[in-house]
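# Structure assessment
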Amino acid sequence: MRMTPALSAARRNAFRAQAAEITGIDTEVYARYGKDPLEPILGLGDARAPVGFFGRDPGRDEVQHGEPFIGAGGQWVRRTLYQRLHGAPLPDFAASRAIGQGFYWANTVPYKPVGNKAWSTRIKQRFQPLIAELLVEHWQGQNLMTLGREAFLWFGLLQPKAVKTAIDDFWAREDRFEAHAHCTIDMRAPSGAQRTIQLHPLPHPSPLNATWYKHFPALLDARLAALGIG
């Protein structure tokens, strides 16, 4: 499968410039693994992938490997993907990395925050134009799985009031995680380019999410089946 070219120098430098102006990046963890705290952790994947995943922000394992969705929560996602595509349990860590190559991956902010606290709305708004540009102009798919509240509500940032209200109202639905439920939005990049994306919300796959953690694989699998994946 043809993989997406590396992030362009201009886009990479734009992320680095924003990161240099904020506080709250967990520089101790970056230093522990000999990583540059200004380097964005963007998995991206295949730009032609029909399905993408959108999360909150990277954690310690993501910093170590320089790849998003590779820690405990991401492994929950990747195990489900592997089972659906291969009909067998995920065999090892290397396979978990390989299975992600056929999907698109992004976060609200591509930097690990101190204490794994969610980034503030102000910080998410700083990076929103850069992430929106990736989703509109880089990725060519249409169906995006959002993982958790922060990831889903991100799509209401810097949007007209009607769009934000629609996002908030959808999240309030009791059936928001069901396979039939999706939210259609018109996503706009800073250049003015615009296209339609289908959001498919899921709970956050963290082990700390006691309410939904054990249900996550079945919910994700149902969404993948509804989209004809596997």
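These figures come from a predicted structure and were not determined experimentally. (Residues numbered from 1 in each chain as written. Predicted model: local features only at pLDDT ≥ 70, side-chain atom pairs only at ≥ 80, totals over all residues. Heavy atoms only, no water.)

Roughly 720 Å³ of internal volume is contained in the largest pocket. In terms of lining residues, the largest pocket is bounded by 26 residues, among which Arg56, Asp57, Gly73, His204 and Ser206 are the most central. Elements supplying a minimum of two residues to the lining of the largest pocket: helix 3 (60-65), helix 4 (72-86) and helix 7 (149-153). Partitioning the lining of the largest pocket into residue classes produces seven nonpolar, eleven polar and eight charged. (1 Å grid on protein atoms, 1.4 Å probe; cavity = no way out; pocket = protein on both sides within 12 Å on 5 of 7 lines; lining within 4 Å. Points joined across faces, edges and corners; volume = space filled by probe spheres on them. Helix = DSSP H or I, 4+ residues; strand = E, 2+ residues; numbered from the N terminus. Nonpolar A, V, L, I, M, F, W, Y, C, P; charged D, E, K, R; others polar.)

Between helix 1 (residues 9-19) and helix 6 (residues 121-138), the least distance of the axes is 9 Å, while the angle of their chain directions is 160°. Judged by the inter-axis angle, helix 1 sits roughly antiparallel to helix 6. Classified by chirality, the crossing of helix 6 by helix 1 is left-handed. Side by side, helix 1 and helix 6 meet where Arg11, Ala14, Phe15, Gln18 and Ala19 of the first sit next to Arg126, Phe127, Leu130, Ile131, Glu133, Leu134, Glu137 and His138 of the second. Taken together, the residues that form the contact of helix 1 with helix 6 break down as seven nonpolar, two polar and four charged. (Axes fitted to C-alpha atoms, helices over the stretch in contact; angles between N-to-C directions. Parallel < 35°, antiparallel > 145°, perpendicular 65-115°, else oblique. Left-handed = near helix turned anticlockwise from the far one by under 90°. Contact = heavy atoms within 4.5 Å.)

So, about the pattern of salt bridges. For the structure shown, the criterion picks out 16 salt bridges. Of the charged contacts, one joins Arg48 and Asp46 as a salt bridge, the two residues approaching to 3.4 Å between their closest N and O atoms. By relative accessible area, Arg48 is classed as partly exposed at 43%. Note on Asp46: relative accessible area 2%, which makes it buried. Between Glu150 and Lys124 there is a salt bridge whose closest N-O contact spans 2.5 Å. Residue Glu150 is located in helix 7, and its partner Lys124 is located in helix 6; the two are separated by 26 residues in the primary sequence. (Salt bridge = Lys/Arg side-chain N within 4 Å of Asp/Glu carboxyl O. Buried < 20%, exposed > 50% of the residue type's maximum accessible area, 1.4 Å probe, protein only.)

On inspection of all chains with the given rule, the structure shows 14 aromatic pairs. On the numbers, 4.8 Å between centres and 15° between planes, the contact of Phe53 with Trp105 is stacked. Placement of the pair is Phe53 in strand 2 (residues 51-55) and Trp105 in strand 3 (residues 104-107), with a sequence separation of 52 residues. Relative accessible area serves as the criterion here: at 0%, Phe53 is assigned to the buried category. Residue Trp105 is classed as buried on the basis of its relative accessible area of 2%. (Phe/Tyr/Trp six-rings, centres within 6.5 Å; stacked < 30°, edge-to-face > 60°.)

All right, on to the nonpolar core then. If you look at the biggest cluster of nonpolar residues, it comprises 65 residues, and the most contacted ones within it are Phe53, Leu135 and Phe155. Top contributing element to this core by residue count: helix 6, with eight residues. Those residues in contact with Leu135 that sit more than four places away from it in its chain are Phe54, Tyr104, Leu144, Trp154, Phe155, Arg195 and Ile197. (Core = buried A, V, L, I, M, F, W, Y, C linked by side-chain atoms within 4.5 Å.)

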